[in-house]
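The residues making up each chain are set out below.
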Amino acid sequence: MHIHVIHENPAWLEPLAGALDSAALPWRDWFLNHGVFDLARPPPEGVFYNRMSASSHTRDHRYSAELTASILAWLAGHGRRIVNGPRALDLEISKTRQYAALEAAGIRTPRTVLVAGKEHLVAAARRHFDGGPVILKPNRGGKGVGVRLLQNAAALADHLDSADYEPPVDGLHLLQHHVRAPQPLITRAEFIGGRFLYAVEVDTSEGFELCPADVCAVDDAFCPAGPEDKGAEDEGASRAKFTIIDDIDVELKRRYDAFLAANDIEVAGIEFIRDAAGTVYTYDVNTNTNYNPDAEARGGRSGMATLARYLGGELSRFYPRRAAAE
């Protein structure tokens, strides 16, 4: 009996593989990019952990998410235990559906305008954001790919005509209110088994490349701070980019707990920012979460070790006799 890890990125799998091996847990790597699957036959038994990423198309795995959706439906139809099942994947690959689910749980998100068609973006920015600063992002993203902070509608128009513009894979753009924080910090709250593990403060003074894993850094910061955001740059320069903190606001954590439970999400990193008035905006839920090794070393924590224990516990819970025999 095995833990099956569904993914499409071997580099992101390595830390979890090490944690599973260290815990002496039986597991298998299920790389989903292509293949043949006989849906008339039952799938293998075991616990299935879905790590499919919204950014899979950036690694030439254009249809991995769609394939995973079909495989998860097959698994669910046969009653297999899935950690981060179909609903989690659905929210991973669509910011608009993600924001709708967050708002339904009473969690504030930044004002967002959905735009279908590149030709409508500049007019929409002028109409809905008065031609001022706006964040452009794809509905289906990941790693910050395609995300830009533009200071005005003219800058947006220039970007759309430049070689840097990347059309969204699903054809849907988002224009989003730029939340200005008093310090260049955002917070990412990590959950395993639907329970809060810890939070990470992320220094954004050099940009907003927020993926904690070492392997997902990009060549350039994708969302450079605008001139009005540079005030705390010197202070931010002395900070580590990722710093673990033990807790977040109790009420916010309660709402996150309820959101995760309502959407069948067990493993996630939820990112939020606080503006100068103290209002908290939640803008991203990562159901394929990674952990920063340097921050964990300083904080004496291990997200992957905790995750491995959780998956091992689920394997024992669903297959107690077989797990004991193995």
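Anything mentioned here points back to the structure above.
Residues numbered from 1 in each chain as written. Predicted model: local features only at pLDDT ≥ 70, side-chain atom pairs only at ≥ 80, totals over all residues. Heavy atoms only, no water.

J.: I tried to follow helix α4 (residues 95–104) on my own but got confused; where do I start?
T.: Three or four residues apart is the spacing at which side chains of an α-helix point the same way, because the helix has 3.6 residues per turn. Buried residues of α4: Lys95, Gln98, Tyr99, Ala101 and Leu102, and no others. Projected down its long axis, α4 shows its buried positions confined to an angular sector of 160°, all on one face. If you follow the buried residues of α4, they end up packed against α3 (86–92), β5 (112–116), β6 (134–138), β8 (172–176), α8 (250–262) and β13 (280–286). Positive phi appears at Gly106, one or two residues downstream of α4, with a value of about 80°. (Buried < 20%, exposed > 50% of the residue type's maximum accessible area, 1.4 Å probe, protein only. Helix = DSSP H or I, 4+ residues; strand = E, 2+ residues; numbered from the N terminus. Arc of directions from axis to C-beta. Contact = heavy atoms within 4.5 Å.)

J.: Looking at this structure, I do not really get the environment of Asp247. What am I missing?
T.: Looking at the element boundaries, Asp247 is found in the loop between β11 (242–245) and α8. Separated by 51 residues in sequence, Asp247 and Phe196 have C-alpha atoms that sit 8.4 Å apart. The residues contacting Asp247, other than those within four sequence positions of it, are Phe196 and Lys253. Side chain to side chain, Asp247 and Lys253 meet in a polar contact 2.7 Å long. (Polar contact = N/O pair within 3.5 Å; in protein donor to acceptor, adjacent residues only side chain to side chain.)

J.: Explanation requested: the sheet that holds β11 in the structure shown.
T.: Backbone-to-backbone hydrogen bonds join strands into a sheet, with any given pair of strands oriented parallel or antiparallel. With antiparallel pairing, the five strands of this open sheet are ordered in space as β11-β10-β9-β12-β13. Both edges of this open sheet fall to β11 and β13, since each of them pairs with a single strand only. Across this sheet, the average inter-strand angle for adjacent strands is 25°, counted without regard to direction. As judged from the eight bridges shared by strand β9 (residues 185–192) and strand β10 (residues 195–203), these two strands associate in the antiparallel manner. Note that in β10 the partner of Ile186 across the bridge is Val202. (Pairing = 2+ DSSP bridges. Axes fitted to C-alpha atoms, helices over the stretch in contact; angles between N-to-C directions.)

J.: Could you clarify how one ought to interpret the sheet that holds strand β7 (residues 148–150) in this entry?
T.: The strand order β5-β8-β6-β7 describes an open sheet built from four strands, whose pairing is antiparallel. In this open sheet, the two strands that pair with only one neighbour each are β5 and β7. Mean inter-strand twist for the sheet, computed between neighbouring axes without regard to direction, equals 25°.

J.: What should I look at first to understand the nonpolar core in this one?
T.: As a rule of thumb, nonpolar side chains are buried together in soluble globular proteins. Counting residues in each nonpolar core, the largest one holds 57 residues, and the members touching the most others are Leu20 and Phe259. Discounting residues that sit within four places of it in the chain, Leu20 has contacts with Ile3, Val5, Leu25, Trp27, Ala308 and Leu311. (Core = buried A, V, L, I, M, F, W, Y, C linked by side-chain atoms within 4.5 Å.)

J.: Just checking my understanding: could you explain the pairing of strand β1 (residues 3–7) for this structure?
T.: On any regular strand, side chains alternate: one points to one face of the sheet, the next to the other face. With five of five residues buried, β1 is to be regarded as a mostly interior element. Side chains Ile3, Val5 and His7 project from β1 onto one buried face, and the interleaved His4 and Ile6 project onto a second face that is buried too. Sheet topology note: the β1/strand β2 (residues 27–31) ladder contains five bridges and is parallel. Opposite Ile3, over in β2, you have Trp27 as the bridge partner. Handedness of the crossover joining β1 and β2 through helix α1 (residues 10–22) is recorded here as right-handed. Pairing of β1 with strand β3 (residues 47–50) involves four bridges; the strand directions are parallel. Considered in β3, the bridge of Val5 is made with Tyr49. (Right-handed = clockwise from strand over helix to strand, strands pointing away.)

J.: I would appreciate a short explanation of unusual backbone geometry in the present structure.
T.: Most peptide bonds are trans, and most residues other than glycine sit at a negative phi. Look at Asp60: it is not a glycine, yet its phi comes out positive at around 65°. Relative to the helices and strands, Asp60 is located in the loop between β3 and α2 (64–77).

J.: Looking at this structure, I do not really get the side chain of Asn288. What am I missing?
T.: Tracing the backbone shows Asn288 in the loop between β13 and α9 (293–299). At 3.1 Å, the side chain of Asn288 and the backbone oxygen of Arg51 are in polar contact. Those residues in contact with Asn288 that sit more than four places away from it in its chain are Trp12, Arg51, Met52, Ser53 and Glu92.

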